[in-house]
Amino acid sequence: MDGDWEEVSRLLLPPPIHGAHSPIRGLAFDTHQELLWLGNDYGRVSSFCNAADPQAYTSFVAGDGPVAQIIFHRKGVIALTPTSVHMALRRGQPMWHIAHEEMKDLRCMSFTTARGTSDILVAGAQNLMFVIDVEKGTIKKQIPATSHYSLMKRSRYICAATLQGDVHVLDPTTFNLLKSWPAHSAAVHDMDAQHDFIVTCGYSRRHLQANYMLDPLVNVFNLKTLESFNPISFPAGAAFVRMHPKMSSTMMIVSQIGQMQVVDLMNVNTSTNMRQAAVMQYIQGLEIATSGEALVMTDSECQAQIWGSRAKLRFTDLNMPIEIADAEDQTHQLDWSADTPLSTVGIPYYRETLLSAWPSHMIFEIGAPPPAIESSFVSSLKTIGGYTSTPNISHTRRNQVENTRITTKVASSIQAPMFLSDKENAKLKQSGDISERRISDVANATNMDSAALKAEVPDVYRNVEIKYSRFGIDDFDFGYYNKTEFSGLETHIANSYANALLQLMRFTPLIRNLALQHTATACISDLCLLCEMGFLVDMLEKANGTACQATNMLKTLGYHPPAKNLGLLEEDAPMGSTLTSMLQKLNQFLLDRFSADFKSMLPNSSAFDQLFATSATTSIKCEFCRTEQTRPGTTLVNELTYPPPKLVQRNARQAKLTFSQILKLSIERETTSRGWCSRCMKYQPLNTTKRIHSAPVVLMLNAAANSPEAKQFWGTPGWLPEEIGIIIDKQQFYCYEGEGLEHHLQRGAYNIAVYSLVGIAADIDSGRHEKPHLVSFVNVSHSRSEVPGTSQWHLFNDFLVRPIKAQDALTFNTAWKLPSVITYQLKSHCNSIDDSWKQIMDRDLLYRDTNTRSSPRTYRPLTANLETPDSTTIVALDTEFVSVKQPQIQMHSDGVRETIRPTVHALARVSVVRTVGEDEGLPFIDDYITVRDKVFDYLTNFSGIVASDLDVRTSTHNLVSLKVAYKKLWILLNLGCKFLGHSMKTDFRVVNIHIPKAQRIDTAELFWIKEQRRTLSLSFLAYLVLKEDIQVGTHDSIEDSRTALKLYKKHQEFTDAGILRSILNDIYGRGKELGFKVPVKRVKGMETPGPSPTPTLVALGEVDVSAGAGSGPVTPVRRPLGLVPGTGGSFGGGFTPGSGSPFA
């Protein structure tokens, strides 16, 4: 009982009709709702809500005679009278009523299991006990009673008080007597059993007299040891006793004259908490709420006194909302006549979906309307010989039924765009542009100005899905969903729910700067998430609106064991986990990992904590001995906490808290809980407070909008401010917004830090048949290098990106849109875009050889100070990959196969070849990648990779982690190098890197005629143009890189000679004759070879010529390119078409 406990209110139990007031016989606090239940002598049960000003809620008759006891089930309330057991809904409607001829004097009942509420045991001053099934409302069994019982409580066992003053401990399963304890010499007046204790108070006979008196002692019995404790002295005479529901060793004793005392069973001598209730006669009943924050006493004047702290008064911890009957609307009389205009009838305004708006999946078309008869059909009718006929001018074939159900309808969701290949086919068949419904049209149709206030989810917020044609994902039109300069993220990869948070972090300038600066260091840890964040940010910035994927970032996340344990992976998430809870846990996990990754390179630096951590000292004080302990700490993510609703008087207005006030409560977070006190040497109430020392530059918040109270705050339009001000003075945290912020800025009395809202990740629950998903709303103006004049809010719905208004971004609808993660950044640090990492980028990885194997080298790293890649450098690239996950295919009833998720590939080999100088054609990167995932297909015929190549125990190659191989390419990319290869789009997708168009040279595009709508394979071009057979039996990435280099040089020669167009026409002409395949006769009779041997390095600067670095045809005209302008390559000689070439 806290110091501020007092009598809050009183209520008088209403008398029955034509009767006098009745004493209160049964009383109990509801365990599921904020209700107080009282019974009277006539079997009537009444409930009351609002403890501060009790109001009648329901009332019903449970049976004949006084109400002996009331207990609660999640579905209703159970009341006991002497001859019956009655269960009713909390609204009053009866569920079942049981009366039995052997029910003669029932007095007590209890649930049979500790947490289960399926069966109850009913007993009384009779020889039989009954077990009743609560769900069915039937008697399951009748059991002979060991004794007559007056009271019954459920704890570890079923505890029952007899009429003779004993307490019986019964087995909850068999109901056999386990222990009998003589509690009082005459009778037990009151009893309670909770946790490990039974406490009783009762009567004893006065010395040498016949009447009885209340014992001045409270008896205690330990259920663990089944032994008695020393009794507790209470000189006033203990009439009622209750154990505290939250404090396992604390009980309350009340006398008949209203004296109350709180006693700790483990420390009896120090209990001094006493109160006195205002009672005219005597107390008749006592009960404590399950929350421990309220108690009720009934007196002989038919009144109930409710006690508690006005600030904390509540009955339950997790209460269900009370169903309140709708008030009847007053009807207005309306004079109605034939001349009354219909406009006099008002039309209500609805913000929620009406019951008449049936869901689309429940609308069915029954039958088909008849086809419409065209006027031209009627006009062409001719009658010949008594028969009327006309030519068939319909659009259907003979005996074909016309589909008359097709009508022009506006799509209710985002329609998938046409495949790119289908668009090209349509353009060839039609003249002019094809009109296609764009995502901008969809957005305009939804009236985005008030989208968040609508009951229906706007189309642009719904799930977006990738469709796959026979050409794979490259045929999907991502540009249909995004016309901005900001790139979205694809969804076909595992754990893509994180896209919303990754976009939010990418547009937070300080996270962006920190990630890129760390990525530019020498860090090569394959589990470094901060490096992966830097790679992702750089890719999104270079993509400039092209859809990207966070494959490597999310793969690395999946490799962290704590991520699986925390339920951050979709495939391992616990049953019932929501995406918003997973995203909030991921937010905390990523910042923790970012901190560890940052300190791995700069262990003595505190820069990360200064940017992201809230520094505070936590004080823990024992409320009993006042001992205080402090410990410093930092918090990277603050979770918002919302105060529980206060019970106020009816019609009283309650001031609503602002966002800044909620933020202050959440960061300071003052709590009271029970914990171990080292001085008291036992569990005591502990008060925890925080003293704030500093606020971070980037403030990351988890909204935690799960409770009805939280949703009520977020449902208020304009509740989330775009700017807040924070003051930390004398270790106190103050937060302001709106007019309060303006006032402090004008005064300038305190050093106030102004924060701007960067963005919000939000949960969208479209309902119906769509799964919930996450989107982000970002003010991209903070991430620009120059400060724009206005805010620029954008919606990022995976790969759907479009600008929206600030009002729509900051308005939430509790029916389908709720916040998950919120990011604020110090306003002075907005638009601080730091690209200095490009000048300090560590390049040592290109010059270092980490291969410790004794096998011959197929490569030679770059030579320091002699080979310095820059924007004039061209490197030839080719990759090989393996399959790590099979595609998910759905077969429809009509036999059509639909790809749900394509095959997942993993990078297995990367080869990068020099293109100029004496070492032209010599690789400086030839890395094999250790694949962490299980490989189900090595694709040996296409990749040349076998299982032993990627096995660290058997491989003879340079095995590196994906991080090392990726970072080498990333360094070359940011040095400005141009990448040369053939059909590199798939390579870059598997590598998960974006190469700008200005840095790509694709020979598939160089040798391509757009009108032919077909690209040529590398082996076919090598056969026709270079007179070479490649990829015989299998593929080799070094061979393919060199071939692409030769084709590029030939393209330059054809261009300089002015014969490129004619050469391309000849190639396509010859290709049609050969079916665009290398003739089979060139490999006829040859044995199927194994993987082609990769050419090995013979000596420094030399490569075995017979292995594929031999001379190729060139024309006299050449252009200098590469590192040293003007230097020739190793591909010398004249142009001599070979046998079988179309140029022979």
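Numbers given for residues are sequential positions, taken from 1 along each chain in its written order. Given that this is a predicted model, residues contribute local features only at a pLDDT of at least 70 and side-chain atom pairs are listed and counted only at 80 or more, while totals for whole chains, interfaces and linings are drawn from all residues. Just so you know, side-chain values use all the structure's heavy atoms and leave hydrogens and water out.

- Named according to an unreviewed UniProt entry, the protein is PAN2-PAN3 deadenylation complex catalytic subunit PAN2 originating from Calycina marina.
- UniProt positions are given in the numbering used here, feature names are shortened, and annotations may be inferred rather than shown by experiment. In its Subunit (unreviewed entry) section, the UniProt entry covering the protein states "Forms a heterotrimer with an asymmetric homodimer of the regulatory subunit PAN3 to form the poly(A)-nuclease (PAN) deadenylation complex."
- One UniProt comment on the protein, placed under Subcellular location (unreviewed entry), says "Cytoplasm".

Re the overall build of the protein
Right, so step 1: A run of H or I in DSSP becomes a helix once it reaches four residues, and a run of E becomes a strand once it reaches two; helices and strands are each numbered from the N terminus. When helices and strands are tallied, the protein shows 23 helices and 55 strands.
Right, so step 2: Think of it in three bands: residues with accessible area under 20% of the maximum for their type are buried, residues over 50% are exposed, and the middle band is partly exposed, with areas taken using a 1.4 Å probe on protein chains only. Expressed as a percentage of its 1144 residues, the buried residues of the protein come to 49%.
Right, so step 3: Note on contacts: a residue pair qualifies if any of its non-hydrogen atoms lie within 4.5 Å across the two residues. Contacts spanning at least 24 positions in sequence make up 60% of the contacts within the protein whose residues lie at least 6 apart.

Things to note about the pattern of salt bridges
Should the charged atoms of two oppositely charged side chains come close, the side chains can pair.
Right, so step 1: The salt bridge definition used is simple: a Lys or Arg side-chain nitrogen within 4 Å of an Asp or Glu carboxyl oxygen. Under the criterion given, the structure shown has 43 salt bridges.
Right, so step 2: Asp 190 is the salt-bridge partner of Arg 242, the closest N and O atoms lying 2.8 Å from each other. With Arg 242 in strand β24 (residues 240–243) and Asp 190 in strand β18 (residues 187–194), this pair connects stretches of sequence that are 52 residues apart.
Right, so step 3: For Glu 490, the salt bridge goes to Arg 989, with nearest N and O atoms at 2.9 Å. With Glu 490 in the loop between α3 (439–445) and α4 (499–506) and Arg 989 in helix α19 (residues 985–991), the pair connects residues that are 499 residues apart, well separated along the chain.
Right, so step 4: Look at Glu 490 and you get buried, because its relative accessible area is 1%.
Right, so step 5: For Arg 989, a relative accessible area of 25% puts it in the partly exposed group.
Right, so step 6: When salt bridges with common partners are traced through the structure, they connect Arg 74, Lys 75 and Glu 135 into a single cluster.

Digging into the pairing of β24
Right, so step 1: The side-chain alternation of β24 yields two buried faces, one formed by Phe 240 and Arg 242 and the other by Val 241 and Met 243.
Right, so step 2: In textbook terms, the turn of a hairpin is the stretch between consecutive antiparallel strands, and for β24 and strand β25 (residues 250–254) this stretch comprises six residues. Two strands pair under a simple rule: DSSP has to find at least two bridges between them.

Quick look at the side chain of Asn 958
Right, so step 1: Looking at where Asn 958 falls in the secondary structure, it is placed in the loop between α17 (940–943) and β51 (959–960).
Right, so step 2: Counting of polar contacts relies on pairs of N or O atoms within 3.5 Å, with two restrictions inside protein: one atom must be capable of donating a hydrogen and the other of accepting it, and residues adjacent in sequence are counted only when both atoms are side-chain atoms. A polar atom in the side chain of Asn 958 sits 2.8 Å from the side chain of Asp 927.

Looking at the pairing of strand β12 (residues 128–133)
Right, so step 1: Of all six residues in β12, six are buried, a share of seventy percent or more.
Right, so step 2: Where burial is concerned, the two faces of β12 agree: the one with Leu 128, Phe 130 and Ile 132 and the one with Met 129, Val 131 and Asp 133 are both buried.
Right, so step 3: Adjacent in sequence and paired antiparallel, strand β11 (residues 119–124) and β12 are bridged by three residues.
Right, so step 4: Bridge analysis of β12 against strand β13 (residues 138–144) gives six bridges, and the strand direction is antiparallel. The residue bridging Val 131 from the neighbouring strand is Lys 141, located in β13.
Right, so step 5: With antiparallel pairing between neighbouring strands as the criterion, β12 and β13 make up a hairpin whose turn holds four residues, including Gly 137 at a positive phi of roughly 70 degrees.

Details of unusual backbone geometry
Right, so step 1: At Asn 544, a position not held by glycine, the phi torsion is positive, near 55 degrees.
Right, so step 2: Relative to the elements of secondary structure, Asn 544 occurs in the loop between α6 (529–543) and α7 (551–559).
Right, so step 3: A positive phi angle, close to 55 degrees, is found at Lys 730, a residue other than glycine.
Right, so step 4: Secondary-structure assignment places Lys 730 in the loop between β39 (723–729) and β40 (732–736).

Looking at the packing of α6 against helix α9 (residues 579–601)
Between two packed helices, what matters for the description is the angle formed by their axes and the separation of those axes.
Right, so step 1: The axes are straight lines fitted to the C-alpha atoms, using for helices just the contacting stretch, and the angles between their N-to-C directions are given from 0 to 180°. Contact pair α6 / α9: the axes reach a minimum separation of 7 Å and the direction vectors enclose 105 degrees. Put simply, α6 runs roughly perpendicular to α9. Counted together, Leu 529, Leu 530 and Met 533 of α6 and Phe 589, Leu 590, Arg 593, Phe 594, Asp 597 and Phe 598 of α9 form the full contact between these two elements.
Right, so step 2: The class makeup of the residues in the contact of α6 with α9 is seven nonpolar, no polar and two charged. Working rule for angles: under 35 degrees goes down as roughly parallel, over 145 as roughly antiparallel, 65 to 115 as roughly perpendicular, anything else as oblique. Residues are grouped as follows: Ala, Val, Leu, Ile, Met, Phe, Trp, Tyr, Cys and Pro are nonpolar; Asp, Glu, Lys and Arg are charged; every other residue, Gly included, is polar.

Details of the sheet that holds strand β28 (residues 283–288)
Right, so step 1: If you walk across this open sheet you meet the four strands as β1-β30-β29-β28, and the pairing is antiparallel. Sheet topology places β1 (6–12) and β28 at the edges, where each strand pairs with a single neighbour. With direction set aside, neighbouring strand axes in the sheet form an average angle of 20 degrees.
Right, so step 2: The pairing of strand β29 (residues 294–299) with strand β30 (residues 303–308) spans five bridges and is classified as antiparallel. Each residue of the ladder has a partner; that of Ala 294, found in β30, is Gly 308.

A look at the UniProt feature "binding site: a divalent metal cation" (unreviewed entry) in the protein
Right, so step 1: UniProt records the feature "binding site: a divalent metal cation" (unreviewed entry) at Asp 878, Glu 880, Asp 987 and Asp 1040, using the numbering of this structure. For this annotated set, covering 163 residues, all C-alpha atoms fall within 12.5 Å of each other, a compact arrangement in space.
Right, so step 2: In this structure, Asp 878 sits in strand β46 (residues 874–885).
Right, so step 3: Overall, the relative accessible area of 10% leaves Asp 878 in the buried class.
Right, so step 4: When near neighbours in sequence (up to four residues on either side) are disregarded, Asp 878 contacts Arg 909, Val 910, Ser 911, Asp 987, Ser 1037, Asp 1040 and Ser 1041.
Right, so step 5: Note that Asp 987 resides in helix α19.
Right, so step 6: With near-sequence residues (within four places) excluded, Asp 987 lies in contact with Asp 878 and Thr 879.
Right, so step 7: Side chain to side chain, Asp 987 and Thr 879 meet in a polar contact 2.5 Å long.

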